[in-house]
Every structure is written in C-alpha cells, then in structure tokens.
Amino acid sequence: MMSQEQPAAVKLIGWFGSPYAHRAEVALRLKGVPYDLIMEDLSNKSDLLLKHNPVHHKVPVLLHGDRPGICESLLIIEYVDEVFDGPPLLPSDPLARAAARFWASFMDKEFSESMWMALWTDGEARAAAARETKANLTLIEGQLTEGKRFFGGDTIGYLDIALSGIAHWIGVFEEIAGVRLLTEEEHPALCRWAKEYAGDETVRQCLPDKDRVVAVLAPRKELYVSIAKAMTAQN
Ligand SMILES: N[C@@H](CCC(=O)N[C@@H](CS)C(=O)NCC(=O)O)C(=O)O
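Computed from a predicted structure; not experimentally measured.

Asks: Can you explain the nonpolar core? Please cite residues and give values.
Replies: I166 and W193 are the most contacted members of the largest nonpolar core, which has 77 residues in total. Ranked by the residues each element gives to this core, the list is headed by helix 4 (residues 94–120), at 12 residues. If you count residues domain by domain, this core takes at least three from each of domain 1 (10–83) and domain 2 (94–234).

Asks: I'd love a proper account of the side chain of T133, names of residues and values included.
Replies: With respect to the helices and strands, T133 occurs in helix 5 (residues 123–141). In this structure T133 comes out as buried when scored by relative accessible area, which is 0%. For T133, the side chain forms a polar contact with the main-chain oxygen of S114, separated by 3.1 Å. Apart from residues no more than four positions distant in its own chain, T133 is found in contact with F111, S114, M115, A118 and L181.

Asks: Hey, could you go over the site of the ligand for me, with residue numbers and the actual values?
Replies: For the ligand, the full set of nearby residues is S18, Y20, L42, K45, K58, V59, P60, E72 and S73. Contact distances for the ligand include 2.7 Å between a nitrogen atom and a side-chain N or O atom of E72. About the coverage of the ligand: the protein hides 76% of its 520 Å² of free accessible area. The residue inventory of the shell around the ligand, partitioned by class, reads 4 nonpolar, 2 polar and 3 charged.

Asks: Give a detailed account of the side chain of R23, specifying residues and quantitative values.
Replies: Inspection of the secondary structure assignment puts R23 in helix 1 (residues 19–31). Ignoring any residue separated from it by four or fewer positions in sequence, one finds R23 in contact with S73, L74, I77, M107, D108, I161, A162 and S164.

Asks: Run through the packing of helix 4 against helix 5, naming residues and quoting values.
Replies: The interhelical angle for the contact between helix 4 and helix 5, taken along N-to-C directions, is 150°, at an axis separation of 7 Å. By the angle class used here, helix 4 and helix 5 are roughly antiparallel. Classified by chirality, the crossing of helix 5 by helix 4 is left-handed. Residue-level contacts link W103, F106, E110, F111, S114, M115, M117, A118, L119 and W120 of helix 4 to R126, A129, A130, E132, T133, N136, L137, L139 and I140 of helix 5.

Cut-offs and rules
Residue numbers restart at each chain and count upward from 1, following the sequence in its written direction. Per-residue local features are limited, in this predicted model, to residues with pLDDT of at least 70; the limit for side-chain atom pairs, both in listing and counting, is 80 or more; totals at the level of whole chains, interfaces and linings are taken over all residues. Note that water and hydrogens are dropped before the side-chain values are worked out from all heavy atoms of the structure. Nonpolar cores were defined as sets of buried Ala, Val, Leu, Ile, Met, Phe, Trp, Tyr and Cys residues, with membership established by side-chain atoms within 4.5 Å. A 1.4 Å probe rolled over the protein chains alone gives each residue an accessible area, and that area as a share of the maximum for its type sets the label: buried under 20%, exposed over 50%, partly exposed in between. Helical segments are the DSSP runs of H or I of at least four residues, strand segments are the runs of E of at least two, and each set is numbered from the N terminus. The domain boundaries here were taken from an automatic or database domain assignment. Throughout this description, a polar contact denotes any pair of N or O atoms lying within 3.5 Å of each other; where both atoms belong to protein, one of them has to be capable of donating a hydrogen while the other can accept it, and for residues adjacent in sequence the pair is counted only when both atoms sit in side chains. Contacts are residue-level and defined by heavy atoms, with any inter-residue pair within 4.5 Å sufficient. In these notes, residues near a molecule or strand are those with any non-hydrogen atom within 4 Å of it. We get accessible surface area from the Shrake-Rupley algorithm with a probe of 1.4 Å; when it comes to residues, only the shown protein chains can shield them. Residues are grouped as follows: Ala, Val, Leu, Ile, Met, Phe, Trp, Tyr, Cys and Pro are nonpolar; Asp, Glu, Lys and Arg are charged; all remaining types, including Gly, are polar. Geometry is summarised by axes, namely lines fitted to C-alpha atoms with helices restricted to the contacting stretch, and by angles between N-to-C directions that run from 0 to 180 degrees. By the definition adopted for this analysis, an angle is roughly parallel if under 35 degrees, roughly antiparallel if over 145, roughly perpendicular if from 65 to 115, and oblique otherwise. Crossings are classed by handedness, with left-handed meaning an anticlockwise turn of the near helix from the far one by less than a right angle and right-handed meaning a clockwise turn.

What follows is the structure, encoded as structure tokens:
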C-alpha cells in the first residue's frame, strides 16, 4: 500500500539581513522546497532557537519535521542538497566537491577575518588588512572558470551560495564602514559574477534590500569595532 505520509514540514529560523540565513534560504528556493521562515529577534532569542542551536545560539537553523535542528549555514546547504530533489547544488565530481568545500571554508575563515579587520580597524592595521582582503578576493576570483557564469558552472551552486556575502553584503559593510574593498578595476570578473548572482530570479526572491540591511546593521557598528579589537588582541 502506498504511504499516505505527508512530506515533513520545513522551517527556517533566520534573521533579517543575515548573510548566513540567506545561504540557507536560497538553497531551499533553488531546490524548490517550500518552507516557513521564522524571523528571530537576536536581542531576545527564542526558546526555539536556544533549543535547536544550544551551542552557538545563532541563526540560521533548519527544522525538518520533528528532527533535531540543523545548524551552520554551509551544513544546511549540504543537508538540503542531499535530502531534497531538485537541481544539485554540490558538484558530483569528488575533486570538484572538495575544492568547493575548501573555498567555502576559506570564505568563512581567511576571507572573513581579513575583511572584518579591513572594515573595522584603523590606520596601518586597516591598510594591511585591506591589502590582504584584496589578495583574498583575487584568489577567490581565480576560481571562476572563464566562460562560465557561476562558480558552480552555468547555474548557481554551493560555492556561489557560500560566497553570496561577496555578492551583496560586502557592499553593505563598505557603506557602513566607509571603505572600498571590491572594485570593478581590481576584480572585474568577480564584480560581473556578483551582478549575475544578485540579479538571478530565484536569488532575488530572498535577497534583502541593500538599503534596509544598511539601516539595520549600521547601529551595530560599535559592536563590530569591538569584535575587531578583541580579534587584534587575540593575535
Ligand atoms: N557560522 C555560522 C554563523 C552564523 C551567524 O554568525 N549568525 C549571526 C547572524 S548573521 C547570529 O545568529 N548572531 C547572533 C549572536 O551572535 O548572538 C553559520 O554559518 O551559520
């Protein structure tokens, strides 16, 4: 007898303006998975978030039926890709898959750290971090194959989603900090990709308006500066 079981409902705990929540949301949209978006108040975190992300208390968290929550945006993309039908997000070739994961990790570690220091420190520390960030952008740009629209080939894939912070949020942070890091002159191919990514029909449905993100994140500038100071003290 055919199972009458309904597909488990998918819910995403997110936050307006979060580049990490965007990753999870765009993965669901690209796979064609219906979901409910639960907007978290990060200044007053819900019991739902604390229960499902007991270690970091951060968004995004993906809830699939009554299973435990899935945390960490990159892991959510992988989960969504494995569990649901729809166009594949990760490359099928193991070598290409390993490379995509490497660059996603580079984005979240080396690139993010250098960008943070370039945005929120001053003087020589800022200048050195800006040089490092631009060099990291060049390394990332080098992963774009000539003639292909996206890092994933002709369609948006895992690495494009992982790098979506470069396509949209870097401009937000540049505006708040008054610093330019990504320019057409220095990184033309990356700028071309960023426009293609942000202009994609599916992406556009869940890409928050830039001016609104600036308005929401600008009051957090002091916090960002203090995080950069703490990072400097650690190194
Ligand atoms: N590595 C995490 C980062 C998630 C993250 O930093 N989320 C921020 C919002 S953009 C957050 O929830 N912050 C709340 C807090 O730090 O208290 C991921 O990829 O999901």
